[in-house]
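# Inside the fold
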Amino acid sequence: MNEITVQELKEKKEKGEDFQLIDVREDFEYETSNLGGLSIPLGGILIESEKVSKDKPVVVMCRSGKRSAAAIMQLEQRGFTNLYNLRGGILAWAAEIDPDLSVY
């Protein structure tokens, strides 16, 4: 499984690179704090897989990296090959990039 660090994600955002960010946490988690990605909770990732881009890199994130890894495994079984797991999830983002971000 391909992974990306929070530092690499920050660089992608700063450079304005063309990629999609998908957050697979639950709605209440997304409302607490998010990085602006598309919210598709893990339970609905296959139902809403048409929202996942196939023609550019897609970074999938969650709280720690476990649910996003599960989402990627499900999507890869559907033929997706452009997915990257955000290592450490939003917890790593808060620890390394934005310590003021609300985490739980």
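Residues numbered from 1 in each chain as written. Predicted model: local features only at pLDDT ≥ 70, side-chain atom pairs only at ≥ 80, totals over all residues. Heavy atoms only, no water.

### Comments concerning the overall build of the protein chain
A tally of regular secondary structure across the protein chain gives four helices and five strands. When the helices and strands of the protein chain are read in sequence order from the N terminus, they spell out β-α-β-α-β-β-α-β-α. Against the compact-globule benchmark of 13 Å for 104 residues, the protein chain has a radius of gyration of 13 Å, which places it among compact chains. Judged by the C-alpha coordinates and their principal axes, the protein chain covers about 35 × 30 × 20 Å. In the protein chain, buried positions account for 44% of the 104 residues. Here the contacts in the protein chain between residues at least 6 apart in sequence split such that 67% fall between residues at least 24 apart. Accessible surface, the protein chain as shown: approximately 5500 Å² in total, 47% of it carbon and sulfur. Side chains of the protein chain give 13 positive and 18 negative charges; the mean places of these two sets differ by 3 Å. (Helix = DSSP H or I, 4+ residues; strand = E, 2+ residues; numbered from the N terminus. Rg over C-alpha atoms; globule rule 2.2 N^0.38 Å. Buried < 20%, exposed > 50% of the residue type's maximum accessible area, 1.4 Å probe, protein only. Contact = heavy atoms within 4.5 Å. Areas by Shrake-Rupley, 256 points an atom, 1.4 Å probe, with all protein chains shown as cover. Lys, Arg positive; Asp, Glu negative; His and termini not counted. Charge placed at Lys NZ, Arg CZ, Asp CG, Glu CD.)

### Things to note about the UniProt feature "domain: Rhodanese" (unreviewed entry) in the protein chain
Residues annotated in UniProt with the feature "domain: Rhodanese" (unreviewed entry) correspond here to residues 15–102. Structurally, residues 15–102 comprises 31% helix and 16% strand, and the distance from its first C-alpha atom to its last is 25 Å. (UniProt positions renumbered as here; feature names shortened; annotations may be inferred.)

### A few points about the side chain of Ser49
Within the secondary structure layout, Ser49 lies in the loop between strand S3 (38–39) and strand S4 (58–61). The exposure class of Ser49 is buried, given its relative accessible area of 13%. Within the structure, the side chain of Ser49 is placed 3.1 Å from the backbone oxygen of Leu46, a separation counted as a polar contact. Here Ser49 is in contact with Leu75, Arg78 and Phe80, once residues within four sequence places are set aside. (Polar contact = N/O pair within 3.5 Å; in protein donor to acceptor, adjacent residues only side chain to side chain.)

### Observations concerning helix H1 (residues 6–15)
The α-helix winds at 3.6 residues per turn, so residues separated by three or four positions along the chain end up facing the same way. Every buried residue belonging to H1 is among Val6, Leu9 and Lys12, and all of these are buried. Down the axis of H1, the smallest arc covering the buried residues is 115°, so these residues share one side. Within H1, the exposed residues directed more than 90 degrees away from the buried face are Glu14 and Lys15. Packed against the buried residues of H1 are strand S1 (3–4), strand S2 (20–23), S4, strand S5 (83–86) and helix H4 (89–96). Downstream of H1 by a residue or two, Gly16 has a phi angle that is positive, lying close to 70°. (Arc of directions from axis to C-beta.)

### A word on the packing of H1 against H4
Axis separation between H1 and H4 bottoms out at 9 Å; the angle between their running directions is 80°. When the axis of H1 is compared with that of H4, the two are roughly perpendicular. Taken together, the residues of H4 that come into contact with H1 (itself represented by Val6, Gln7, Leu9, Lys10 and Lys13) are Gly89, Ala92, Trp93 and Glu96. Tallied by class, the residues present in the contact of H1 with H4 amount to four nonpolar, two polar and three charged. (Axes fitted to C-alpha atoms, helices over the stretch in contact; angles between N-to-C directions. Parallel < 35°, antiparallel > 145°, perpendicular 65-115°, else oblique. Nonpolar A, V, L, I, M, F, W, Y, C, P; charged D, E, K, R; others polar.)

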